[in-house]
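Fold and geometry: a report
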Amino acid sequence: MIDSQLLAILACPETRQPLQSAEPALLAAVNEAIAAGRATNRAGQLIREPVEELLVRQDGAVAYPVREEIPVLLIDEGIPLEGLAAKPKP
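Computed from a predicted structure; not experimentally measured.

1. Details of the pairing of strand β3 (residues 62-67)
Within a regular strand, side chains alternate between the sheet's two faces. Buried residues dominate β3, accounting for 5 of its 6 residues. Here strand β2 (residues 53-57) pairs with β3 via 4 bridges, running antiparallel. Bridging from a neighbouring strand, Glu53 pairs with Val66 of β3. What sits between β2 and β3 in their antiparallel hairpin is a turn of 4 residues, with Gly60 showing a positive phi close to 75 degrees. Both β3 and strand β5 (residues 79-80) contribute to a ladder of 2 bridges, which runs antiparallel.

2. Here we look at the environment of Glu32
Inspection of the secondary structure assignment puts Glu32 in helix α2 (residues 24-35). In this structure, the C-alpha to C-alpha distance between Glu32 and Leu84, residues 52 residues apart in sequence, is 8.8 Å.

3. Some words on the nonpolar core
Residues Leu26, Val30, Ile34, Ala39, Leu54, Val56 and Leu81 are the most contacted members of the largest nonpolar core, which totals 15 residues. Elements represented by at least two residues in this core include exactly α2 and β2. The dominant element in this core, judged by the number of residues it contributes, is α2, at 5 residues. Excluding anything up to four places from it in sequence, Ala39 contacts Ala33, Ile34, Gln45, Leu46, Ile47 and Leu84. Among the nonpolar cores identified, the runner-up in size contains 9 residues, and Ile2, Leu10, Cys12 and Tyr64 belong to it.

4. Comments concerning the pattern of salt bridges
Enumeration over the complete set of coordinates arrives at 4 salt bridges. Across the pair Arg57 and Glu14 runs a salt bridge whose closest N-O atoms are separated by 3.3 Å. With a gap of 43 residues between them, Arg57 in strand β2 and Glu14 in the loop between α1 (4-9) and β1 (19-21) connect regions that are remote in the sequence. Its relative accessible area of 7% is what places Arg57 among the buried residues. For Glu77, the salt bridge identified is with Arg67, shortest N-O distance 3.5 Å. Of this pair, Glu77 sits in the loop between β4 (70-71) and β5 while Arg67 sits in strand β3, and the two are 10 residues apart along the sequence. Taking relative accessible area as the criterion, Glu77 reaches 21% and is therefore assigned partly exposed. In the salt-bridge network here, residues are joined through shared partners; they are Glu14, Arg42, Arg57 and Asp59.

Analysis parameters
- Residues numbered from 1 in each chain as written.
- Predicted model: local features only at pLDDT ≥ 70, side-chain atom pairs only at ≥ 80, totals over all residues.
- Heavy atoms only, no water.
- Buried < 20%, exposed > 50% of the residue type's maximum accessible area, 1.4 Å probe, protein only.
- Helix = DSSP H or I, 4+ residues; strand = E, 2+ residues; numbered from the N terminus.
- Pairing = 2+ DSSP bridges.
- Core = buried A, V, L, I, M, F, W, Y, C linked by side-chain atoms within 4.5 Å.
- Contact = heavy atoms within 4.5 Å.
- Salt bridge = Lys/Arg side-chain N within 4 Å of Asp/Glu carboxyl O.

Set out below in structure tokens:
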């Protein structure tokens, strides 16, 4: 899990919106979409491996994966959430 002090300073690399940890239900829904072959990143590449954690942009439109406890804050690695799962509450 991402340290709360680190999370407080992280932001979306594209919009600079704050990020928050995804709720367990959102994480489960995204991993279900990945398993079903319905999840792609912003670069259009199919995501093949489940994610251990997600950091969700404040507007709920994009999430960034956390791999081996390291946030992957690259625009192309962002996962568009529309159609994959319900957006988190602001």
